[in-house]
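A look at the structure
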Amino acid sequence: MAKKTTSRAYLARYFKRCITGPISLLQGLSVTLRYFFNPRKIVTEQYPENRKTLKMHSRFRGSLELIEDENGENVCTACGICERACPNASINILATKNIAGKRVLGRYLYRLGTCTLCSLCVESCPFGAIRMNQKFELSSTDPKDFDLILNQKEGR
Amino acid sequence: MIPSIPHPLGNLIRSVVPYPELAFAINAVIAIIGICAVAFGSAIVLVYMERKVCAHVQCRLGPMRLGFHGTFQTVADTLKLLFKEVYAPGGADKFIFYLAPMIILTSPFLCLCMIPFDYNLQVMESPVAIPLIIAVNGFGILGILLGGWASNNKYSLLGALRGGAQMISYEISFALLLLFIVMMSGSASLQEVTASQAGNILDWWIFKVPVIGFLAFIMFLVSSTAELNRAPFDIAEAEQELTGGYHTEYNGTAFAMFYLAEYINLVTTSALAVVCFLGGYLPPLIGIPVIDSAFSLVPGFIWFALKVFFMIWVYMMIRWTFVRPRIDQLMDLEWKFLLPVNLLLIAAGAVFISFGWIL
């Protein structure tokens, strides 16, 4: 049961609200006025028109890619931790042995079609060999486009 | 007897056209065309303006694609609305269902007739314009109630009943504040209310009566926002609760008419606020002779349009900033706050007049 208010307390609250109400309304209005007169605060992107200059923010998670140094070499050791971390089994590491008999990366299979871009593989990688890139125009009409081999780049 | 209102254009046509009946018909057609042009033109401009203001308040851009910065977006929207199929829901009272949008459109058009856009730019100069506007505003409630009732929809009915209760309550404050201005200026004719504010900017009723003029203006803003059924007082069409309120079941042209009525009402209420508090079509003279003479050269209807658009902008900022109160809070605000303060304000106004404290 609600607590009974005395008429004195009710009146005190009433007059208090007559003062605090307009103040809080003016506070709200000051925020919207600031936004209205500051067109720089607008966050909308005019996407197809500004495609050339559009820059995604750094936290954006696009498709997965291997981090390469200036020689085009990656640091992936084919340990397979990302493969086990992936909840959708989108990653398959096909390892081979090099001439010295050491385990190296053969093919890094990445299925974009089943990937949820959760970035768990990036967080689990102990060598910092992979990252999520900034590409977001990923759609395609051919399902083959979603089966990527990350360590085989075009033109190689 | 043929009714005739003295007016330069009307007198010209009456002197040129030989038959008084024909002259009356021509004058009426001119007036109707003028009012329709103002109504439809302003509605299209205001829908665009509302979308832009709303967008910029919310850090968005609003319509940008069609024409320069989306200027033709509302034209396209209007065309789309007009070409849609008109149908009534099953079980609806067809006659009243289609009558309601027409009723709701009468009051804004009648109010628009009485607004003095300039000294000679007024369809009807009535010595009792303010009581007439208060009376005619009641049509809006009738349209909402009939539309909600005839739709055979619980949401519509609830919205209509809530809207009706709200508008009837706030009509009291609205009327009392207009009567405050009538008391101050000593006339209920909008031309004379405007003429009573002649002089510099301090002679407008918002500043002329110290403190309580400004208070009355703020309260007029509150009660007229409720009267317009706009957020934060859009109880009649609270989307989150009632999907669309009284116009849930309307589509196509009928919906466009409700929409049109809302925006013409916005124009007439802003115009009323401008006439009553902000000096109507008079230029804002500030006492410096050079600027004053330049301001006086600008025709009155431009000043009127500027002031009206400023008021509309204020209404839009209010709409997109404040949150909607519950229906009981809304009634509390009217009956426990606005009405007592209004009565005190009118008493204080009488004291101000009798002691001559008006600037």
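Residues numbered from 1 in each chain as written. Chains lettered and ligands numbered in written order. Predicted model: local features only at pLDDT ≥ 70, side-chain atom pairs only at ≥ 80, totals over all residues. Heavy atoms only, no water.

A look at the packing of aromatic side chains
Scanning the model with the defined rule gives 19 aromatic pairs over all chains in all. Ring centres of F97(B) and Y250(B) lie 4.2 Å apart, and the angle between their planes is 5°; this geometry places the pair in the stacked category. Pair noted here: F97(B) is in helix α4 (residues 94–114) and Y250(B) is in the loop between α11 (239–242) and α12 (252–277), with a separation of 153 residues, a long-range link. Assessed through its relative accessible area of 1%, F97(B) is described here as buried. Members of the aromatic cluster, connected to one another through ring pairs, are F36(A), F37(A), F310(B) and W313(B). Directly above the ring of W205(B) sits K208(B), whose terminal nitrogen or CZ lies 4.7 Å from the centroid. (Phe/Tyr/Trp six-rings, centres within 6.5 Å; stacked < 30°, edge-to-face > 60°. Helix = DSSP H or I, 4+ residues; strand = E, 2+ residues; numbered from the N terminus. Buried < 20%, exposed > 50% of the residue type's maximum accessible area, 1.4 Å probe, protein only. Lys NZ or Arg CZ within 6 Å of the ring centre and 35° of its normal.)

Digging into the interface of chain A and chain B
Between chain A and chain B, the contact holds 19 residues from the first and 15 residues from the second. Carbon and sulfur atoms make up 69% of the area that chain A and chain B hide from each other, which totals about 1,500 Å². The largest contributions to the chain A side of the interface with chain B come from F36(A), I42(A) and Q46(A), which together make up 33% of the buried area. Where chain A touches chain B, the interface holds 1 salt bridge. When its residues are assigned to classes, the side of chain A that touches chain B shows 13 nonpolar, 4 polar and 2 charged. (Contact = heavy atoms within 4.5 Å. Buried area = accessible area lost by both parts, 1.4 Å probe. Salt bridge = Lys/Arg side-chain N within 4 Å of Asp/Glu carboxyl O. Nonpolar A, V, L, I, M, F, W, Y, C, P; charged D, E, K, R; others polar.)

A look at the pairing of strand β3 (residues 103–111) of chain A
Residues and elements named next belong to chain A. Judged from the 7 bridges that link them, strand β2 (residues 91–97) and β3 form a sheet pairing that is antiparallel. Looking at the pairing, A95 lines up with L105 of β3. Taken together, β2 and the strand that follows it, β3, pair antiparallel across an intervening segment of 5 residues, in which G101 is found at a positive phi of about 80°. (Pairing = 2+ DSSP bridges.)

Structural notes on empty space enclosed by the protein
Enumeration over the complete set of coordinates arrives at 4 cavities of 30 Å³ or more. When its volume is computed, the largest cavity comes out at roughly 200 Å³. In terms of lining, the largest cavity is formed by 15 residues, of which the most central are G140(B), M167(B), E227(B), L228(B) and N265(B). Only α4, α6 (138–150) and α12 of chain B provide two or more residues apiece to the lining of the largest cavity. Here the element with the most residues in the lining of the largest cavity is α12(B); it accounts for 5 residues. Roughly 70 Å³ of internal volume is contained in the second largest cavity. Lining the second largest cavity are 13 residues; nearest its centre among them are C86(A), C115(A), C118(A), S119(A) and C121(A). Looking at the lining of the second largest cavity residue by residue, the classes come out as 9 nonpolar, 4 polar and no charged. (1 Å grid on protein atoms, 1.4 Å probe; cavity = no way out; pocket = protein on both sides within 12 Å on 5 of 7 lines; lining within 4 Å. Points joined across faces, edges and corners; volume = space filled by probe spheres on them.)

Section: the domain arrangement of chain B
Residues and elements named next belong to chain B. Segmentation of chain B into domains returns domain 1 (1–83) and domain 2 (89–355). One C-alpha centre belongs to domain 1, the other to domain 2, and the line joining them spans 19 Å. Every contact between the two is made by 22 residues of domain 1 and, on the other side, 26 residues of domain 2. Taken together, the connections running from domain 1 to domain 2 amount to 1 salt bridge. Where R319 meets E50, a salt bridge forms, and the shortest distance between an N and an O atom there is 3.4 Å. Run the count over domain 1 and domain 2 and you get 3 residue pairs in polar contact (both at pLDDT 80 or more). At the level of secondary structure, the elements contributing two or more residues to the side of domain 1 that touches domain 2 comprise α2 (20–57) and α3 (73–82). (Domains from an automatic or database assignment. Polar contact = N/O pair within 3.5 Å; in protein donor to acceptor, adjacent residues only side chain to side chain.)

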